[in-house]
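Examination of the molecular architecture
So you can see what is in the structure, the chains are spelled out below.
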Amino acid sequence: MNPLRAASRCSLGIAAFLILALPPAPAFAAPQLTGAAAADAQLAELDADIPELVAPAFVSGSYSSTISTRVDRQGRIDTGLGYLEIVDGRTGALLDASRIAYTRGPGPAPGFGPAWWTTVDEGVVVTVQMATVPVTKSGDARMVNAVRIEADNPGDEAAVVPLGVRLRPGDVDADVPRTPWTHPFDPSTRYALVGEGDDQLLERDGMACLWWDGPEGEIVVHDDLTGPDDIAMEAAWTLLVPAGERRVIDVIAASPPCNTAVQEAAWREMAQLFGYRSLRERVVWEAEWRTDIEHLSLASDRMWRAMMASAHMLRLIAEGYNGLRYMTDKPYGHADVDFGVRAAVTASLHEWGMTPFLDGPLQYMLANLPTELPAMSPERRVAYLHGLTRIVRLIPNPEHDLVLANTIIESLQPGPVLSWQDPALVRADFEHILRRAGRSMEEWPALTWATVEPGTADAEFQAWRRAISASDGEAAWAAAKRVLGRTDAQGMGSARADGEPDGRFAHVFMHLTREMLLGDHGEDLLLFHAVPERLYPRLGKIDTYDLPSAFGTVRTRAWYVGGKGGALGFASLLRYKMVEPAHTYWRIPPGRRVKKIQEILGGTVEEVEPGLMNMSCDLSNPKGVNFLLRMERVED
């Protein structure tokens, strides 16, 4: 028996209560915040007027590694050892991937990897789902891509469903930029089957790259390759799917080694021990300790998908300085080598709690400040120092505070801030570090707003930033929609007119989305201060999960009580204080006013000006401060 099949069966009992509860094939296609039709209708209505720009690729990964896999809009999976294509067995055409999106809904691990589905002849629904996980064996690190192909027959009669996969070598010079460890095509490239019967797997030039589990299929390998687009391997299966049942094929693809270690003999044995279910379980487990970002709850499905795309992209450059260099070239939007982006990207990841990646880049940047700052222009110095400040202010480390404070005093020069930053808040962040380090500046260099060209991405970023600084939720959402208009409807973001995946978009988008939810730049903590009413789900809740701030870790939730929006519940928990905020404010959604504050638990709440609530939290209460507002609409 194929060890892959045996491993899948052995893990079935352990994972049954988690994995077998996966939704039916098309469930992820319509976002399922609560499973209610009203919530779906709100999503469609909210995002309907955002223009669509199709971007070429998705990133699939588990947040636990900087290595990952790219999937293009046709559903071609780039493993670095080839392009894997899922095809219709009747026509040979690529399986329709027009509905491709990051998974969302009641699955076990929302936000990890793309999935898509289509209806084929006889009404059978074919679903493709991915789980991408890093695996290391004796120092040999690779990405393992589990592709589950399910044929689900909801009809009353049995159906015959021909499906297949193809593998093409590809090359490093591709329309969709490939991963840094991709193997280039060479006329001597050879693919070969190793093993017999159920134990067969495919190798490229001796490297394990593809194996499968499912019904008996026809496998053909071509050894006369003349170019990167030639078909190297074809597999075909004919599935007989009884009425009301489903049939499954698992195709597991590995990347080449992502470092200098090579343990091919061990990998040939390990290759067949992985199954989709076990890898999906591992993805869920890794999410438990890496980050809560995939659980972010917002009413806009478009914004959620752009967040997931941005997080996946930034994860590629999160660990180690050598990874950060990929943010300075195509496809990441910094063709002119921008030293400031290293700190800005790392800061955006810190601000969303993705800190397990980030010790290496921070240590490197702090250690190299004396050698790198002199070569930077005043504008780049402001950007670089502020990026580092955004990181260090979230971490209670006196040594880092002192190093950065001294550098700010000695090296900060007058200049514009980045287009998506407010100069007053940039100065507030610098002052925060200086206060913690017990230092001060005699004279502050002038920091100014960046000059932007109307109609550009920079102009849209700045309009969004200005609206957030003014705590204007409606204007912030209007600007955010214009930025979202530069993203694909399924979530990939880009600040480039041609929709190419763009790292600058990713870290700016993540930063400004957080800024709408949480402001922590001065002495006050601002919660939901630039969030319009329309981003509050009609059913369910808006939920940040745990976000690090300059004052400690904060989780904030709000939800409508009843179906008419006349009452709004709110809960906030400050888990660990580094610095006591002077005040903690929450601004109710624009267009509403408070009639009554009631049911206050775990602290105090008062309205200090129309719509602005001042809260204090009893730190001994493990549930934070909770209260309920009775509201009414403000008449125009």
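How each quantity is defined
- Residues numbered from 1 in each chain as written.
- Predicted model: local features only at pLDDT ≥ 70, side-chain atom pairs only at ≥ 80, totals over all residues.
- Heavy atoms only, no water.
- Helix = DSSP H or I, 4+ residues; strand = E, 2+ residues; numbered from the N terminus.
- Buried < 20%, exposed > 50% of the residue type's maximum accessible area, 1.4 Å probe, protein only.
- Contact = heavy atoms within 4.5 Å.
- Areas by Shrake-Rupley, 256 points an atom, 1.4 Å probe, with all protein chains shown as cover.
- Pairing = 2+ DSSP bridges.
- Axes fitted to C-alpha atoms, helices over the stretch in contact; angles between N-to-C directions.
- Parallel < 35°, antiparallel > 145°, perpendicular 65-115°, else oblique.
- Left-handed = near helix turned anticlockwise from the far one by under 90°.
- Nonpolar A, V, L, I, M, F, W, Y, C, P; charged D, E, K, R; others polar.
- Salt bridge = Lys/Arg side-chain N within 4 Å of Asp/Glu carboxyl O.
- 1 Å grid on protein atoms, 1.4 Å probe; cavity = no way out; pocket = protein on both sides within 12 Å on 5 of 7 lines; lining within 4 Å.
- Points joined across faces, edges and corners; volume = space filled by probe spheres on them.
- Expected span 1.5 Å × (residues − 1).
- Polar contact = N/O pair within 3.5 Å; in protein donor to acceptor, adjacent residues only side chain to side chain.
- Phe/Tyr/Trp six-rings, centres within 6.5 Å; stacked < 30°, edge-to-face > 60°.
- Lys NZ or Arg CZ within 6 Å of the ring centre and 35° of its normal.
- Core = buried A, V, L, I, M, F, W, Y, C linked by side-chain atoms within 4.5 Å.
- pLDDT = per-residue confidence, 0-100.

Moving on, we come to the overall build of the protein. Scanning the protein from N- to C-terminus turns up 16 helices and 28 strands. Across the 636 residues in the protein, those meeting the buried criterion constitute 58%. A separation of at least 24 residues holds for 69% of the contacts in the protein among residues at least 6 apart in sequence. Looking at the protein as shown, the accessible area adds up to about 24,200 Å², and 51% of this sits on carbon and sulfur atoms.

The backbone phi angle of aspartate 205 is positive, close to 50°, even though this residue is not glycine. Take aspartate 205: it is sitting in the loop between β11 (201-204) and β12 (207-213). A positive phi angle, near 55°, is found at glutamate 599, a position not held by glycine. Position of glutamate 599 among the secondary structure elements: in strand β25 (residues 592-601).

A separate point is the sheet that holds strand β9 (residues 159-168). Judged by pairing direction, the sheet is antiparallel, and its seven strands sit side by side in the order β1-β2-β3-β4-β9-β14-β13 without closing on themselves. If you trace the sheet from one side to the other, it starts and ends with β1 (57-60) and β13 (218-221), each paired once. Alignment of β13 against strand β14 (residues 233-241), held across four bridges, turns out to be antiparallel. Along β14, the bridge assignment pairs valine 220 with glutamate 234.

Attention now moves to the packing of helix α11 (residues 378-392) against helix α12 (residues 398-411). Contact geometry for α11 and α12: axes closest at 11 Å, N-to-C directions at 160°. Viewed along their axes, α11 and α12 adopt a mutual orientation that is roughly antiparallel. Considering only the axes of α11 and α12, their crossing is left-handed. Packed against α11, whose contacting residues are Arg381, Leu385, Leu388, Thr389 and Val392, the element α12 presents His400, Asp401, Leu404, Thr407, Ile408 and Ser411 at the interface. Split into classes, the residues belonging to the contact of α11 with α12 amount to five nonpolar, four polar and two charged.

This paragraph deals with the pattern of salt bridges. Once the charged atoms of two side chains with opposite charge are near each other, the side chains can pair. Summed over all chains, the structure comprises 26 salt bridges. Between arginine 393 and glutamate 351 there is a salt bridge; the shortest N-O distance is 4.0 Å. Taken together, the residues arginine 393 in the loop between α11 and α12 and glutamate 351 in helix α8 (residues 340-351) connect sequence positions 42 residues apart. Connected through shared salt-bridge partners, Glu351, Arg390, Arg393, Asp429, Arg465, Arg514, Glu515 and Asp520 make up one network.

Next up on the list: the sheet that holds strand β26 (residues 603-609). Reading across the sheet, the five strands line up as β18-β19-β24-β27-β26 and stay open at both edges, with mixed pairing between neighbours. Looking at the sheet topology across the chains shown, the edges are occupied by β18 (518-519) and β26.

Tracing the chain through its elements places asparagine 614 in strand β27 (residues 612-617). A relative accessible area of 14% means that asparagine 614 is categorised as buried. Discounting chain neighbours no more than four positions away, the residues touching asparagine 614 are His583, Thr584, Tyr585, Thr604, Val605, Glu606 and Val608.

Overall, the coordinates contain five cavities of 30 Å³ or more when judged by the stated rule. Volume-wise, the second largest cavity comes out at about 60 Å³. Lining the second largest cavity, in full, are Ala344, Val382, Ala383, His386, Gly387, Arg390, Val417, Leu418, Trp420, Gln421 and Val426. Per-element tally for the lining of the second largest cavity: the top contributor is α11, with five residues. Considered class by class, the residues forming the lining of the second largest cavity number seven nonpolar, three polar and one charged.

Helix length check: helix α13 (residues 423-437), at 15 residues, gives a terminal C-alpha distance of 21 Å against a target of 21 Å (1.5 Å per residue), a fit within 8%. Taken residue by residue, α13 has Pro423, Val426, Ala428, Asp429, Phe430, His432, Ile433 and Leu434 as its buried positions. Taken together, the buried residues of α13 touch α11, α12 and β17 (447-448). Regarding α13, its N-cap is aspartate 422, as a side-chain oxygen of that residue lies 2.9 Å from the backbone nitrogen of alanine 424 further along. Glycine 438 lies just past α13 and shows a positive phi near 70°.

For the structure on display, the rule yields eight aromatic pairs. Between phenylalanine 528 and tyrosine 536, the aromatic rings sit 6.2 Å apart at their centres with planes inclined by 75°, giving edge-to-face as the arrangement. Each member of the pair, phenylalanine 528 together with tyrosine 536, is buried. Considering the side-chain rings of phenylalanine 570 and phenylalanine 627, the 5.3 Å spacing of their centres and the 35° angle between planes classify their relative orientation as tilted. In this pair, phenylalanine 570 is assigned in strand β23 (residues 567-574) and phenylalanine 627 in strand β28 (residues 625-633), connecting sequence segments 57 residues apart. Both residues of the pair, phenylalanine 570 and phenylalanine 627, belong to the buried class. The ring of tyrosine 83 carries the charged tip of arginine 76 above its face, separated from the ring centre by 4.5 Å.

Of all hydrophobic cores here, the largest spans 112 residues; its most connected members are Trp464 and Trp586. In contact with tryptophan 586, other than residues within four places in its own chain, are Leu527, Phe528, Tyr536, Leu568, Phe570, Gly611, Leu612, Met613, Met615, Phe627 and Leu629. Grouped together as the second largest cluster of nonpolar side chains are 26 residues, Ala405, Leu434, Met441 and Trp444 included.

Turning next to the confidence of the model for the protein. Looking at the protein as a whole, its pLDDT mean stands at 79, while 78% of the residues score no less than 70. Predicted confidence is poor over residues 1-39, with pLDDT under 50, and the contacts of this stretch with residues over four places away or in other chains come to 80 contacts. Note on residues 318-337: pLDDT under 50 across the span, and 53 contacts to partners over four residues away in sequence or across chains.

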